[in-house]
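Close look at the chain arrangement
Here are the chains, one letter per residue:
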Amino acid sequence: GNSVTQMEGPVTLSEEAFLTINCTYTATGYPSLFWYVQYPGEGLQLLLKATKADDKGSNKGFEATYRKETTSFHLEKGSVQVSDSAVYFCALYPSTGGFKTIFGAGTRLFVKA
Amino acid sequence: NAGVTQTPKFQVLKTGQSMTLQCAQDMNHNSMYWYRQDPGMGLRLIYYSASEGTTDKGEVPNGYNVSRLNKREFSLRLESAAPSQTSVYFCASSGTANSGNTIYFGEGSWLTVV
């Protein structure tokens, strides 16, 4: 079946550090891949997405590349800010069957000033 | 631009009481969802509705009922609340492949059952 696995948190970084949050998936065909972000006290919101292999999604300095060969969609940011402190969810929407979004468990990021 | 609106934002219930969480979306989306989020458990799908007039169980439907009142509204009912239903509840909606299957979430409803 379809599944998403992302690195456990929390991840604690100092401001201006480089961020990587790993995400791998299991799915048949070519799912769409997403990163959602949840700031404290709020609902999830779309951060970026990619719909086909080798696509790069980007937003607010964050990037993730759809790697079909490694079934991965790792989230990266070159220089994090305190305001990036949040929970990040990797997700997929399958291209075959199911047609419900599958979420990873979420990774909490703390950024220290 | 309201998006997905859910009420109430906070609620305290006594064990055995009933309540309904209301949700409405103004994006003309076909699909709507109810999730719960517990510490360390991520998001779990309770029920979803792929289109007006249809509802289906998700991962954790026990103790809940839903109604897709029309295309805009999707309510979640707890018939006899239990402490295990203390959680944050999120309503969400999504459109079609044209909108990239992105899910749009409400701001959440914090429910405590004592």
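Higher on the page you've got the structure.
Structure report, in brief.

Parameters and conventions
- Residues numbered from 1 in each chain as written.
- Chains lettered and ligands numbered in written order.
- Predicted model: local features only at pLDDT ≥ 70, side-chain atom pairs only at ≥ 80, totals over all residues.
- Heavy atoms only, no water.
- Helix = DSSP H or I, 4+ residues; strand = E, 2+ residues; numbered from the N terminus.
- Rg over C-alpha atoms; globule rule 2.2 N^0.38 Å.
- Buried < 20%, exposed > 50% of the residue type's maximum accessible area, 1.4 Å probe, protein only.
- Contact = heavy atoms within 4.5 Å.
- Areas by Shrake-Rupley, 256 points an atom, 1.4 Å probe, with all protein chains shown as cover.
- Lys, Arg positive; Asp, Glu negative; His and termini not counted.
- Charge placed at Lys NZ, Arg CZ, Asp CG, Glu CD.
- Pairing = 2+ DSSP bridges.
- Axes fitted to C-alpha atoms, helices over the stretch in contact; angles between N-to-C directions.
- Core = buried A, V, L, I, M, F, W, Y, C linked by side-chain atoms within 4.5 Å.

**Examining the overall build of chain A**
When helices and strands are tallied, chain A shows zero helices and 12 strands. Ordered by position from the N terminus, the helices and strands of chain A form the series β-β-β-β-β-β-β-β-β-β-β-β. Relative to the compact-globule value of 13 Å for 113 residues, chain A shows a C-alpha radius of gyration of 14 Å, a close match. Viewed in the frame of its principal axes, chain A has a C-alpha envelope of about 45 × 25 × 20 Å. A buried classification covers 44% of the 113 residues belonging to chain A. Long-range contacts, defined here as pairs at least 24 residues apart, represent 56% of the contacts in chain A between residues at least 6 apart. Split by element, the accessible area of chain A, about 5,300 Å² in all, is 50% carbon and sulfur. Charge separation in chain A, taken as the distance between the mean sites of 10 positive and 10 negative side-chain charges, equals 6 Å.

**Brief notes about the sheet that holds strand E8 (residues 74-78) of chain B**
Residues and elements named next belong to chain B. Within the open sheet, the four strands sit side by side as E1-E3-E8-E7. Their pairing is antiparallel. Each edge of the open sheet is held by one strand with a lone partner, namely strand E1 (4-7) and strand E7 (64-68). Between one strand axis and the next, the sheet turns through 15° on average, direction left out of account. Note that strand E3 (residues 19-25) and E8 share three bridges and pair antiparallel. Paired with Thr20 across the bridge in E8 is Arg77.

**Section: the nonpolar core**
Soluble globular proteins: nonpolar side chains tend toward being buried together. Of all hydrophobic cores here, the largest spans 26 residues; its most connected members are Leu19, Trp35, Leu47, Leu48, Phe73, Leu75 and Tyr88 of chain A. Elements with a contribution of two residues or more to this core: strand E2 (11-14), strand E3 (19-21), strand E4 (23-26), strand E5 (32-38), strand E6 (44-50), strand E8 (62-65), strand E10 (86-93) and strand E12 (107-112) of chain A. At four residues, E10 of chain A tops the list of elements feeding residues into this core. Setting aside anything within four residues of it in sequence, one finds Leu19 of chain A in contact with Val11, Leu13, Phe62, Leu75, Glu76, Lys77, Val80 and Leu109 of chain A. Leu13, Cys23, Ile46 and Leu111 of chain B belong to the second-largest nonpolar core, a separate cluster that totals 19 residues.

**Comments concerning the sheet that holds E3 of chain A**
All names here are of chain A. As summarised here, the arrangement of the four strands in space is E3-E9-E8-E7, forming an open sheet in which the pairing is antiparallel. Of all strands in the sheet, those bounded by a partner on one side alone are E3 and strand E7 (56-59). Along the sheet, successive strands turn relative to each other by an average axial angle of 15°, direction set aside. Pairing analysis gives four bridges linking E7 to E8, with the strands arranged antiparallel. Residue pairing for E8: Lys56 is matched across the bridge by Thr65.

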